[in-house]
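Single-letter residue listing:
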Amino acid sequence: MKKIFLIALIFIGSKASAQQHDFSDQIDSPNWDIIGDVTFKTIKPTEMYAVYNAEIKKHENKAFELEGYIVPIKDGMKQTKFMLSTLPINQCFFCGKNGIPIMVLVEMAEPIKFTYLPVSVKGILKLNKGNAADNPPLVISAAKQLN
């Protein structure tokens, strides 16, 4: 799982130009734009740190809402911890398509049923200051489903 996070982190700040994506499915919102501006400073191949700008720091430890697609970390129809993406799972890098979408780790207060449709969640935005190769830099914790 650390390798998945590391791969996603390398590209999280870049709004990758993925030629095979169906951009009509992509979720665009001001909150995703804020997250998309996170960059990374690589110290060595196994050590990198997120660089947070002033805009995202304003939202740290506050309620934050995102709409996106569930990218499961574990099998199962009910998910309590998953990645939330701007693109559907059938268009994500890990599923054989081109490009890596922006992703955020979501930790739900209660399980959510897996769906291929977009979901909206709201929880507390946490910014991980540690090594991003070990932990995701952006987490929405204690999240609740809005739709």
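Residues numbered from 1 in each chain as written. Predicted model: local features only at pLDDT ≥ 70, side-chain atom pairs only at ≥ 80, totals over all residues. Heavy atoms only, no water.

A. Here's a closer look at the overall build of the chain. A count of helical and extended segments in the chain gives three helices and seven strands. Starting at the N terminus and walking to the C terminus, you meet the elements of the chain as α-α-β-β-α-β-β-β-β-β. Restricting the contact set of the chain to residue pairs at least 6 apart, pairs at least 24 apart contribute 66%. Here the chain displays about 8,000 Å² of accessible surface, and carbon together with sulfur accounts for 53% of that area. (Helix = DSSP H or I, 4+ residues; strand = E, 2+ residues; numbered from the N terminus. Contact = heavy atoms within 4.5 Å. Areas by Shrake-Rupley, 256 points an atom, 1.4 Å probe, with all protein chains shown as cover.)

B. Summary view of the side chain of S85. In this structure, S85 sits in strand β4 (residues 78–85). At a separation of 3.0 Å, a polar atom in the side chain of S85 contacts the main-chain amide nitrogen of L87. (Polar contact = N/O pair within 3.5 Å; in protein donor to acceptor, adjacent residues only side chain to side chain.)

C. Examining the pairing of strand β6 (residues 119–127) more closely. The sheet contact formed by strand β3 (residues 63–72) and β6 spans six bridges and is antiparallel. Bridge pairing links L66 to V121 in β6. (Pairing = 2+ DSSP bridges.)

D. Representation of the nonpolar core within the structure. Judged by nonpolar contacts, the single largest core of 27 residues is most densely connected at I35 and I56. Contributing elements (two or more residues each) for this core: α2 (30–36), β3, β4, β5 (103–113), β6 and β7 (138–145). Setting aside chain neighbours within four positions, we find I56 in contact with I34, I35, V38, L125, L127 and L138. (Core = buried A, V, L, I, M, F, W, Y, C linked by side-chain atoms within 4.5 Å. Buried < 20%, exposed > 50% of the residue type's maximum accessible area, 1.4 Å probe, protein only.)

E. The pattern of salt bridges, seen in detail. Following the criterion strictly, the structure yields four salt bridges and no others. Note that E47 and K44 form a salt bridge whose closest N and O atoms lie 3.9 Å from each other. Exposure remark for K44: the relative accessible area of 45% places this residue in the partly exposed category. With a closest N to O distance of 3.0 Å, K58 and E55 form a salt bridge. In this structure E55 comes out as partly exposed when scored by relative accessible area, which is 33%. (Salt bridge = Lys/Arg side-chain N within 4 Å of Asp/Glu carboxyl O.)

F. Representation of the confidence of the model for the chain. Taken over all residues, the pLDDT of the chain has a mean of 82, while the share at 70 or more is 76%. Contacts for the low-pLDDT stretch residues 3–19, under 50 throughout, to residues beyond four places or in other chains number 39 contacts. Long-range and interchain partners of residues 94–99, a stretch whose pLDDT sits below 50, account for 18 contacts in this model, where long-range means more than four residues apart. (pLDDT = per-residue confidence, 0-100.)

G. The arrangement of the packing of aromatic side chains in detail. Applying the stated criterion across every chain yields a total of one aromatic pair. Their ring planes at 85° and their centres at 4.9 Å tell us that F114 and Y116 sit as a pair that is edge-to-face. (Phe/Tyr/Trp six-rings, centres within 6.5 Å; stacked < 30°, edge-to-face > 60°.)

H. Structural detail: the sheet that holds β4. Pairing is mixed around the closed barrel formed by five strands, whose spatial order is β3-β4-β5-β7-β6. Pairs of neighbouring strands in the sheet enclose a mean axial angle of 50°, with direction left out of account. Here β6 runs beside β7; their pairing, made up of six bridges, is antiparallel. Bridged to L127 within β7 is L138. (Axes fitted to C-alpha atoms, helices over the stretch in contact; angles between N-to-C directions.)

I. Layout of the side chain of S141. Structurally, the position occupied by S141 is in strand β7. By relative accessible area, S141 is classed as buried at 12%.

J. Examining unusual backbone geometry more closely. Positive phi outside glycine occurs at N61, with the angle close to 60°. If you trace the backbone, N61 turns up in the loop between α3 (54–57) and β3. Its relative accessible area of 47% is what places N61 among the partly exposed residues. Positive phi values are uncommon outside glycine, yet A142 reaches one of about 50°. Inspection of the secondary structure puts A142 in strand β7.

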